[in-house]
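Chains, contacts and geometry: an overview
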Amino acid sequence: MTIATDEDRREAARRIAALGPAAVVIKGGHLPTADIVDLLYESESGEFVEFRHDRVAGTHTHGTGCTFAASLAASLALGRTLREAVPMAQVYIAGAIEHAPRIGQGHGPMDHFWTWRR
């Protein structure tokens, strides 16, 4: 389905949840908003939780979705909840974009190792 509004995101989450997962995260980075609003849907309770983060300016955003998912998976493997993991992933992605190496043209790579160089 096409996602153009907040209600579209909620409907997409419900449809995905109907396939059986305990929770669904719908990223908000592609919507034309001043900030990023990622959406968590918890299937059992039917509750939506929004996670807001400042949008980081830049074109070095290639791989943000995959990196976001990997960050969530790593946090879950360490015993964190999704409610804890989503804001941590948002901070990690924002930092990776801010510290991007500025190579290539178009949507270049982020700096996945920025936390190691602080």
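The structure contained in this document is the topic of the report that follows. Predicted model, so just to flag it, every value in this text is computed and none were measured.

Let us now look at the overall build of the chain. A tally of regular secondary structure across the chain gives three helices and three strands. N-terminal to C-terminal, the α/β element order of the chain is α-β-β-β-α-α. For the chain, whose C-alpha radius of gyration is 15 Å, the value lies close to the compact-globule estimate of 13 Å for 118 residues. Expressed as lengths along the three principal axes of its C-alpha atoms, the size of the chain is roughly 40 × 35 × 20 Å.

To continue, consider the side chain of Ser 75. Among the structural elements, Ser 75 can be located in helix 2 (residues 64-77). The class of Ser 75 is buried, set by a relative accessible area of 5%. When sequence neighbours within four positions are dropped, the list of residues in contact with Ser 75 reads Arg 80, Ala 85 and Met 88.

Before going further, it helps to examine the nonpolar core. Where a protein is soluble and globular, its nonpolar side chains tend to be buried together. Grouped together as the largest cluster of nonpolar side chains are 15 residues, with contacts concentrated most on Phe 51, Phe 68, Leu 72, Val 86, Ile 93, Ile 97 and Met 110. Of all the secondary structure elements, the ones that give two or more residues to this core are strand 3 (47-54), helix 2 and helix 3 (82-98). Of all the elements, helix 3 adds the most residues to this core, at seven residues. Ile 97 has contacts with Val 56, Ala 57, His 60, Thr 61, Thr 64, Arg 102 and Met 110, leaving out every residue within four places of it along the chain. Ala 13, Val 24, Ile 26 and Leu 39 belong to the second-largest nonpolar core, a separate cluster that totals eight residues.

Moving on: the pattern of salt bridges. For the structure on display, the rule yields ten salt bridges. Between Arg 9 and Asp 6 there is a salt bridge, with the nearest N and O atoms lying 3.4 Å from each other. Placement of both Arg 9 and Asp 6 in helix 1 (residues 6-17) is noted, with a separation of three residues, approximately one turn of the helix. Taking relative accessible area as the criterion, Asp 6 reaches 33% and is therefore assigned partly exposed. Among the salt bridges present, the one from Arg 15 reaches Glu 11, with a minimum N-O distance of 3.2 Å. Note that Arg 15 and Glu 11 are positioned in helix 1 at a spacing of four residues, about one turn of the helix. For Glu 11, a relative accessible area of 28% corresponds to the partly exposed category. Connected through shared salt-bridge partners, Asp 6, Arg 9, Arg 10, Asp 35, Glu 50 and Arg 52 make up one network.

Regular strands have side chains that alternate between both faces of the sheet. The element strand 2 (residues 35-42) is extensively covered by neighbouring structure, given that six of its eight residues are classed as buried. Note that strand 1 (residues 23-26) and strand 2 share four bridges and pair antiparallel. In the strand pairing of strand 2, Val 24 is matched with Tyr 41. Here strand 2 runs beside strand 3; their pairing, made up of eight bridges, is antiparallel. Pairing of Glu 42 across the sheet is with Glu 47, part of strand 3.

Criteria and cut-off values
- The numbering scheme is per chain: residues are counted from 1 as the chain's sequence reads.
- Per-residue local features of the predicted model are confined to residues with pLDDT of at least 70, and side-chain atom pairs are confined, for both listing and counting, to 80 or more; whole-chain, interface and lining totals are unaffected and use all residues.
- Derived side-chain values reflect all non-hydrogen atoms in the structure, with water molecules and hydrogen atoms excluded from consideration.
- Secondary structure follows DSSP: runs of H or I at least 4 residues long count as helices, runs of E at least 2 residues long count as strands, and numbering of each begins at the N terminus.
- Values of the radius of gyration come from C-alpha atoms, whereas the globule rule sets the reference at 2.2 Å times the count of residues to the power 0.38.
- Burial classification: accessible surface area is computed with a 1.4 Å probe over protein chains only, and a residue below 20% of its type maximum counts as buried, one above 50% as exposed, and the rest as partly exposed.
- Any two residues whose heavy atoms approach within 4.5 Å are treated as being in contact.
- Here, the term nonpolar core denotes a set of buried Ala, Val, Leu, Ile, Met, Phe, Trp, Tyr and Cys residues that are joined through side-chain atoms within 4.5 Å.
- In the sections that follow, a salt bridge refers to a side-chain nitrogen of Lys or Arg positioned within 4 Å of a carboxyl oxygen of Asp or Glu.
- A pair of strands is labelled paired if DSSP reports no fewer than 2 bridges between them.

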